[in-house]
Amino acid sequence: MAFIDKLKQVSEIAGQVTQSVKGITDTIGVKVSEAKEEKTKKKEQEAAIASGLYEQDGQLIVSSIDGMKKWLSNLGKDATPAIMETLQSQLKVLNTIQSPTMTGMAVDNMIFCLDKAIKQAETDIEKTNIRDAFASMLQSYVFFAEANVRCAEKAHQEESKELLTQAGSILSDAVVKTAGLVAGGSAKLTQTTVKNIFDSDEVKEGYIKKLFAWIGNKTEYEQKINNFYKTIEMLFETLDDYADILGKSILINGMLSRYRVMLVDRRTEQKSEDFRKRVSTIDPAKISALTEGISNSVSITGIHLGNITKAIGAGIGLAADAVAGRRKSMDINSFCMLQDAIEQDLQEQESKLEQLTSELEGLKSQYREIGILKISQKKECQAKIDAKQTEMKEISETLKQLKNKRKEMKDLFPDSYAILKDIKDYEQRLITIEEKF
């Protein structure tokens, strides 16, 4: 019996050990399973973050162009025809700016979509909201085009990063505006955060590296810059043609104002370069002589101080630039200012000469009316006549000098005013289009 009891005890202990081992094994299994599940979730979250559309702390996060496209597509399943047209246009913009080449969509195509959307809109409020959304799309599209060429300038890396930050912000605003239109109001997007796609230096640097590969060498880069400016010029003309469809827009007006300044600066630089080339071939002594001549005329005639400053300042500046070989510094505005000063001085002196001539005729008339016996009065009047004639002679000599200088300047630079007029007319044309918005 004792032996059997021992066997039972051993059996019970063995059972307890087995249960303990099983418990440990089950615990380990659960932990392994949990670890696998956690690892899977982590991978899924990483994949979701990489896709640019994921959930975090109860918020839907949109952080990439792909994420924006997927999010908008999901929102638009029940959109009206007008809103769907707007949504499709936004998706095309996202597809276009996703590539450094910015190909696949033209501005006039975007406006065509806008026209269709407006015609399908059911209320005036909806039309206004659609126009507003399209203005944001257009702004983001054009700003990205600029960012792509500007960021390829290796000498301006920090400025490039800032430009990308701005481009990302403008894009986020445009996408949110379209999403609000699709969802039926921005209030319905409170649980969604659309992030700037360039929210880190790492992302910006990666994007800029891609741009370098696209830009190519210096010659190719300059060609792309030229193409960009041509695109902006065409943008003005296109928006002018479709101003009625687009309607008044603070965004578009501000965008055009920004690019007008850039276009005018570029045209001024291009036109001035032709002028500078011509100046660089002229003997600096000639330009210096022009300045000296102006200075001499000033000292003789005592013309208005403002004209003295303009004439001497512009003339000396041109002469100094010519002597130093600073062709880049030669400003056509300075040259025209010098010509303007000469022209104004001529007009002032001619007016003064005309006045003196009238006064002289009055003195001569007085002289004739004085009796022959009033010798002292006649002498006094004659002295006034002589002084007036001397003054007129000096002014006539000054006029001769100024006219010679005017001819010399016109001979040296016959098209200076034409160049300046071209620039001013060009700017006015852009302003006229800008004011339509």
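Every chain begins its residue count from 1, and numbering advances along the sequence as written. With pLDDT at 70 or above as the cut-off, local features in this predicted model cover only qualifying residues; side-chain atom pairs require 80 or more to be listed or tallied, and sums for whole chains, interfaces and linings still use all residues. Processing note: side-chain calculations cover all non-hydrogen atoms of the structure and skip hydrogens and water entirely.

Caption draft 1: Looking closely at the overall build of the protein chain. What the protein chain contains, in helices and strands, is 15 helices and three strands. Relative accessibility decides the category of a residue: with a 1.4 Å probe and only protein chains considered, values under 20% of the type maximum give buried, values over 50% give exposed, and everything between is partly exposed. Looking at the 437 residues of the protein chain, the share that counts as buried comes to 39%. For this analysis, residues touch if any pair of their heavy atoms sits within 4.5 Å. By sequence separation, contacts in the protein chain at least 24 residues apart represent 75% of the contacts at least 6 residues apart. Secondary structure follows DSSP: runs of H or I at least 4 residues long count as helices, runs of E at least 2 residues long count as strands, and numbering of each begins at the N terminus.

Caption draft 2: Just empty space enclosed by the protein, in detail. A cavity, in this analysis, means grid points on a 1 Å lattice covering only the protein atoms where a 1.4 Å probe fits yet has no way out; a pocket is instead an open set bounded by protein on both sides within 12 Å along at least five of seven lines, and a residue lines either one if it has an atom within 4 Å of a point. Grid points are joined across faces, edges and corners, and a volume is the space filled by probe spheres set on the points. Applying the stated criterion across every chain, the model contains one cavity of 30 Å³ or more. Size it by volume and the largest cavity reaches roughly 40 Å³. Residue lining of the largest cavity: Val107, Met110, Ile111, Leu114, Phe134, Ala135, Leu138, Leu246 and Ile252, and that is the complete set. For the lining of the largest cavity, the elements supplying multiple residues, two or more each, are α4 (107-120) and α5 (124-150). Counting residues per element, the lining of the largest cavity draws most heavily on α4, which supplies four residues. Each residue gets one of three labels, nonpolar for Ala, Val, Leu, Ile, Met, Phe, Trp, Tyr, Cys and Pro, charged for Asp, Glu, Lys and Arg, and polar for the others, Gly among them. Considered class by class, the residues forming the lining of the largest cavity number nine nonpolar, no polar and no charged.

Caption draft 3: Highlighting the sheet that holds strand β1 (residues 53-56). With respect to topology, three strands assemble into an open sheet ordered β1-β2-β3, the strand pairing being mixed. Looking at the sheet topology across the chains shown, the edges are occupied by β1 and β3 (192-194). Adjacent strand axes in the sheet meet at a mean angle of 25 degrees when their direction is disregarded. Strands qualify as paired when DSSP identifies two bridges or more between them. Summarising the sheet, β1 and strand β2 (residues 59-62) pair through four bridges and their orientation is antiparallel. Bridged to Gln56 within β2 is Gln59. Where helices are involved, their axes are fitted lines through C-alpha atoms of the stretch in contact, as for all axes, and angles between N-to-C directions lie from 0 to 180°.

Caption draft 4: Molecular detail of the environment of Lys77. Position of Lys77 relative to the elements: it lies in the loop between α2 (65-75) and α3 (81-97). Separated by 105 residues in the primary sequence, Lys77 and Val182 place their C-alpha atoms 9.2 Å from one another.

Caption draft 5: Fine view of the layout of surface pockets. Empty space within the second largest pocket amounts to approximately 330 Å³. If you go around the second largest pocket, you meet 13 residues; those closest to its centre are Ile197, Phe198, Val203, Tyr207 and Lys210. The element that contributes the greatest number of residues to the lining of the second largest pocket is helix α7 (residues 201-215), accounting for four residues. Its residues placed into classes, the lining of the second largest pocket shows seven nonpolar, four polar and two charged.

Caption draft 6: Representation of unusual backbone geometry. Unlike most non-glycine residues, Asp57 shows phi in positive territory, near 50 degrees. Mapping Asp57 onto the fold places it in the loop between β1 and β2. Of the residues examined, Asp57 reaches a relative accessible area of 77% and is grouped as exposed.

Caption draft 7: Molecular detail of the nonpolar core. To qualify as a nonpolar core, a set must consist of buried Ala, Val, Leu, Ile, Met, Phe, Trp, Tyr and Cys residues joined through side-chain atoms within 4.5 Å. In this structure, Ile130 and Leu239 are the most contacted members of the largest nonpolar core, which totals 98 residues. With 13 residues, the single largest contributor to this core is α5. For Leu239, the residues in contact, after removing those within four places along its chain, are Ile111, Leu138, Leu246, Ile252, Met255, Leu256 and Phe437.

Caption draft 8: Inspection of the packing of α4 against helix α8 (residues 218-241) at higher detail. Following both chains from N to C, one finds α4 and α8 inclined at 25 degrees, their axes separated by 10 Å at the closest point. One element, α4, and the other, α8, form an angle in the roughly parallel class. In the crossing of α4 with α8, the sense of the turn from one axis to the other is right-handed. Contact residues: α4 offers Val107, Asp108 and Ile111, while α8 offers Leu235, Thr238 and Leu239. Each residue belonging to the contact of α4 with α8 can be placed in one class, and the counts come to four nonpolar, one polar and one charged. Orientation is classified from the angle alone, with under 35 degrees giving roughly parallel, over 145 giving roughly antiparallel, 65 to 115 giving roughly perpendicular, and any other angle giving oblique. By definition, any crossing whose near helix is turned counterclockwise from its far helix by less than a right angle is left-handed, and any crossing with a clockwise turn is right-handed.

Caption draft 9: Layout of α3. For α3, with 17 residues, the first-to-last C-alpha span of 25 Å sits near the 24 Å given by 1.5 Å per residue. Counting buried positions along α3 gives 12 out of 17 residues, so the element sits mostly inside the fold. If you check which residues of α3 are buried, you get Ala82, Ile83, Glu85, Thr86, Leu87, Ser89, Gln90, Leu91, Val93, Leu94, Thr96 and Ile97. What a helix is expected to span follows from its residue count: subtract one and scale by 1.5 Å.

Caption draft 10: Examining the packing of aromatic side chains more closely. Think of it this way: a Phe, Tyr or Trp ring, Trp meaning its six-membered ring, pairs with another when their centres are within 6.5 Å, and the plane angle makes it stacked under 30 degrees, edge-to-face over 60, tilted otherwise. In this structure the tally under the stated criterion is four aromatic pairs. A ring pair is formed by Phe144 and Phe198, whose centres lie 6.0 Å apart and whose planes are at 35 degrees; its orientation type is tilted. Residue Phe144 is found in helix α5, and its partner Phe198 is found in the loop between β3 and α7; the two are separated by 54 residues along the sequence. Since its relative accessible area comes to 1%, Phe144 is described here as buried. The class of Phe198 is buried, set by a relative accessible area of 4%.

Caption draft 11: Region of interest: the pattern of salt bridges. Salt bridges, as used here, are contacts in which a Lys or Arg side-chain nitrogen is within 4 Å of a carboxyl oxygen on Asp or Glu. Taken as a whole, this structure holds 19 salt bridges when the rule is applied. Between Asp240 and Lys436 there is a salt bridge, with its nearest N and O atoms 2.3 Å apart. Within this pair, whereas Asp240 is found in helix α8, its partner Lys436 is found in the segment after α15 (416-434), the two being separated by 196 residues in sequence. On the basis of relative accessible area, Asp240 is assigned to the buried category, the value being 13%. Overall, the relative accessible area of 36% leaves Lys436 in the partly exposed class.

Caption draft 12: Looking closely at the packing of α2 against α3. Their axes nearest at 10 Å, the elements α2 and α3 cross at an angle of 165 degrees. By the angle between their axes, α2 is roughly antiparallel relative to α3. In the crossing of α2 with α3, the sense of the turn from one axis to the other is left-handed. Where α2 abuts α3, its residues Ile65, Met68, Lys69, Leu72 and Ser73 lie against Leu87, Gln90, Leu91, Leu94, Asn95 and Ile97. Class assignment for the residues of the contact of α2 with α3 results in seven nonpolar, three polar and one charged.

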